[in-house]
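# Chain and residue survey
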Amino acid sequence: MTTALAERFETRRVLVTPEMAKEWLSLNENNRPINKVRAELLAQQIRDGKWRVTHQGIAFWDDGALADGQHRLAAIAAGDTPVEIMVTRGINRDSIHAIDSGRPRSIANVLHFMGMQMSQSQVAVARALWMEYHAARAETAWNNQVFDTSRFVLFVEHVGEAIAFSAPPKACRGLSHAAVTAAIASAWFTQSHVDLIRFKDLLHSGVGAEEHESAAIKLRDFLLTTRLNTGGNDARQELYLRSCTSIRAFVEGRGLAKLYCRPDARFPIPDCRGL
């Protein structure tokens, strides 16, 4: 950016009211559609008193139209509470190619910044548990949409030991799927850890199962042949519930004639303080 162009910029810390936010949103031209889920997430942060002033804020083109920050403005309007935010005016429209062109931080990046070392596979298990935690309480399907990372960090701390325990002995397509590992992690809170270690060993080795342990082999055979391994949220939830059905039969010493997808077989994840 040239010095001449930079001198046109004016950035100030401004207390923006919901009324101001609505007025500025009326200056929104040709921006991408507002993601209502993202805007509501930010609005909830405002209501909860979690809004933080950063270098990121609202920006206007040099002709007065809104350049950036429509989700923040929508959140301020919906949150119905004034908040301070950085406001920049006078951006040349040629700068559009540099706005929002950086690489977003992944969940793993955020956890690492918070001092929590987790692999991508562990993060995937945490996200599966997060979806299950909320779906079980609302009796809904899994939803992998945007969420408040500060709340997710609390949840990861809550389930961290269970995730570490549930880690598969080795990566294997299907058998180490995040939804399957998450099911084992969910059982960690209420079931015998000795039984669960045995279940993991049989699931991955496929040998040495006694008659009353056949549920683990039933799940193994299913996972090695199903196409659910490459599906979306509905497929992941089904994998999770079928895994719970197998685990529950295993710890109860029952064989399975058929591996059903049973919501009543899920294991309760204890309430997480702060969520």
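Given the structure is predicted, the values throughout are model-derived calculations rather than measurements.

Let us look at the packing of helix α7 (residues 149–166) against helix α8 (residues 178–187). Relative orientation of the contacting elements α7 and α8 amounts to 120°, with a least axis distance of 8 Å. Here α7 lies oblique to α8, going by the angle between them. Remark: the crossing between α7 and α8 carries right-handed chirality. Across the interface between the two elements, Ala162, Ile163, Phe165 and Ser166 of α7 pack against Thr181, Ile184 and Ala185 of α8. Here the residues of the contact of α7 with α8 are counted per class, giving five nonpolar, two polar and no charged.

Moving on, we get to the packing of aromatic side chains. Under the counting rule described, the total for this entry stands at seven aromatic pairs. Centroid distance Trp130 to Phe152: 5.5 Å. Interplanar angle 75°. Geometry classified as edge-to-face. With Trp130 in helix α6 (residues 120–138) and Phe152 in helix α7, the pair connects residues that are 22 residues apart, well separated along the chain. For Trp130, a relative accessible area of 8% gives the class buried. An aromatic cluster is built from Trp130, Tyr133, Phe152 and Phe155, whose rings are joined through pairwise contacts. Lying across the ring of Phe60, Arg89 places its NZ or CZ 4.3 Å from the centre.

It is worth spelling out the side chain of His204 at this point. Counting through the fold element by element, His204 comes out in helix α9 (residues 193–205). Take His204: its relative accessible area is 10%, and that puts it in the buried class.

Here we come to the pairing of strand β4 (residues 83–91). Relative to β4, strand β1 (residues 10–16) is paired through seven bridges, and the arrangement is antiparallel. Each residue of the ladder has a partner; that of Arg12, found in β4, is Val87. Strand direction decides the pairing type here: strand β2 (residues 58–61) and β4, joined by three bridges, are parallel. Pairing of Ile58 across the sheet is with Val87, part of β4.

About the thresholds
Residues numbered from 1 in each chain as written. Predicted model: local features only at pLDDT ≥ 70, side-chain atom pairs only at ≥ 80, totals over all residues. Heavy atoms only, no water. Axes fitted to C-alpha atoms, helices over the stretch in contact; angles between N-to-C directions. Helix = DSSP H or I, 4+ residues; strand = E, 2+ residues; numbered from the N terminus. Parallel < 35°, antiparallel > 145°, perpendicular 65-115°, else oblique. Left-handed = near helix turned anticlockwise from the far one by under 90°. Contact = heavy atoms within 4.5 Å. Nonpolar A, V, L, I, M, F, W, Y, C, P; charged D, E, K, R; others polar. Phe/Tyr/Trp six-rings, centres within 6.5 Å; stacked < 30°, edge-to-face > 60°. Buried < 20%, exposed > 50% of the residue type's maximum accessible area, 1.4 Å probe, protein only. Lys NZ or Arg CZ within 6 Å of the ring centre and 35° of its normal. Pairing = 2+ DSSP bridges.

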